[in-house]
Amino acid sequence: MSAGQKKYQIFSEENSMKLFSKKLLTVLAVILSVSALTATALTGCTPKAQDFVFEAEEAILIDTEDEAAKTAQGYKAMTLEQTTEWTEDGSEGPEVTNVGYFSSTGDTIKFVINSSTECTATLTMRAASGVADIATMDWTTFTFTMKEIDLSLGEVVKVTNNDAEVAMTGILPSTPNSSFMNPACYHHFGEGKGNIKLKKGENVILITIVGTMGINVDKITINAASELTFTKTDNSERLPSAA
């Protein structure tokens, strides 16, 4: 092979390598572009989780059918309470409307919630202990302590989602120096949380009294990567002023 032929061969090989490198870079660029577009598309398909708030006073309220509970001393159907929340320093707290006298075995608060897609979610229930610890009663001042309620024990309420029991955690705090003359002591709110699975379409969440103690329920909040809707129920006849 002559020197000229060798030089031409080297030149041709260099051009071939350059052409191959250029094609390889083009292919890699296309792959990266497709990957980026796919990632963007997938991100757009997954809604960002957000909080949806559903007030207990706008849910379906089902009074107990338990005859023993209905004939027990002090029985009263669920009511809507409009009052102020408890504060540690005794000052007037924010106004709140909640479901009260939620204390008879079988009493149920029913939320019917529609979800745009199937997804897992976190449910938070905001409620207050409605249980006076009579053993702590000071009969000179008629003050007592409201009992703390550990929701994980399941002794007071059961929460279900589409018939599946929800494992709740959280504490409804005790309230010292309570008095029957001070409604705020029944409105020292805490939170309980549990994980739920929502199906596309209608979901039924029930909060049911299972013991002989009660709570006052303000609302539930569901954090979900879905659009949730809720048909409100008019329970205005349960306001004390409507009695």
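Residues numbered from 1 in each chain as written. Predicted model: local features only at pLDDT ≥ 70, side-chain atom pairs only at ≥ 80, totals over all residues. Heavy atoms only, no water.

Draft legend 1. Region of interest: the overall build of the protein. Helices and strands together make up the secondary structure of the protein, namely two helices and 17 strands. Buried positions account for 36% of the 243 residues belonging to the protein. Considering only residue pairs separated by 6 or more positions, the protein has 77% of its internal contacts joining residues 24 or more positions apart. As displayed, the protein offers around 14400 Å² of accessible surface, 56% of which is attributable to carbon and sulfur atoms. (Helix = DSSP H or I, 4+ residues; strand = E, 2+ residues; numbered from the N terminus. Buried < 20%, exposed > 50% of the residue type's maximum accessible area, 1.4 Å probe, protein only. Contact = heavy atoms within 4.5 Å. Areas by Shrake-Rupley, 256 points an atom, 1.4 Å probe, with all protein chains shown as cover.)

Draft legend 2. Representation of the nonpolar core in the model. Membership of the largest hydrophobic core comes to 39 residues, with the highest contact counts inside it found for Phe102, Ile109, Phe111, Met125, Ile215, Ile220 and Ile222. Formed by five residues, the second largest nonpolar core is a distinct cluster that contains Met137, Phe144, Met146 and Tyr186. (Core = buried A, V, L, I, M, F, W, Y, C linked by side-chain atoms within 4.5 Å.)

Draft legend 3. Inspection of a nonpolar patch on the surface at higher detail. A surface patch of nonpolar side chains, amounting to about 480 Å² of accessible area, comprises Ile134, Trp139, Phe142 and Phe180. Relative to the helices and strands, phenylalanine 142 is located in the loop between strand 7 (132-138) and strand 8 (143-146). You can call phenylalanine 142 partly exposed: its relative accessible area is 46%. (Patch = residues over 30% accessible without salt bridge, like charges linked within 9 Å, V, L, I, M, F, W, Y side chains within 5 Å. Salt bridge = Lys/Arg side-chain N within 4 Å of Asp/Glu carboxyl O.)

Draft legend 4. Quick peek at the environment of methionine 213. Within the element layout of this structure, methionine 213 appears in the loop between strand 15 (201-209) and strand 16 (215-224). As for methionine 213 and glycine 130, which are separated by 83 residues in sequence, their C-alpha atoms are 7.3 Å apart. Residues contacting methionine 213, with those up to four places away along its chain left out, are Ser103, Val131, Lys147 and Val156.

Draft legend 5. Summary view of the packing of aromatic side chains. Using the criterion set out here, one finds four aromatic pairs in the structure. An angle of 40 degrees between the planes, with centres 6.0 Å apart, marks the rings of phenylalanine 111 and phenylalanine 230 as tilted. Separated by 119 residues along the polypeptide, phenylalanine 111 in strand 5 (residues 108-115) and phenylalanine 230 in strand 17 (residues 228-230) bring together distant segments of the chain. Centre to centre, the rings of phenylalanine 144 and phenylalanine 180 are 4.6 Å apart; their planes meet at 40 degrees, and the pair counts as tilted. One end of the pair, phenylalanine 144, is in strand 8; the other, phenylalanine 180, is in the loop between strand 13 (175-179) and strand 14 (189-198), with 36 residues separating them in the sequence. Pairwise contacts between aromatic rings join Phe54, Phe111 and Phe230 into one cluster. Just above the ring of tyrosine 101 sits the side chain of lysine 76; from NZ or CZ to the centre is 4.5 Å. (Phe/Tyr/Trp six-rings, centres within 6.5 Å; stacked < 30°, edge-to-face > 60°. Lys NZ or Arg CZ within 6 Å of the ring centre and 35° of its normal.)

Draft legend 6. Highlighting the environment of phenylalanine 111. Judged by relative accessible area, phenylalanine 111 falls into the buried class, the value being 0%. In this structure the C-alpha to C-alpha distance between phenylalanine 111 and isoleucine 205, which are 94 residues apart in sequence, comes to 5.1 Å. In contact with phenylalanine 111, other than residues within four places in its own chain, are Phe54, Glu55, Ala56, Ala59, Asn203, Val204, Ile205, Ile207, Ile220 and Phe230.

Draft legend 7. Spatial organisation of the side chain of glutamate 85. Checked against the element boundaries, glutamate 85 lands in the loop between strand 3 (79-84) and strand 4 (95-102). Classification of glutamate 85 as buried rests on a relative accessible area of 14%. Within the local environment of glutamate 85, its side chain forms a polar contact with the side chain of arginine 126, the two groups lying 2.8 Å apart. In this structure, glutamate 85 is in contact with Gly93, Pro94, Val96, Arg126, Ala184, His187 and Phe189, ignoring residues within four places of it in sequence. (Polar contact = N/O pair within 3.5 Å; in protein donor to acceptor, adjacent residues only side chain to side chain.)

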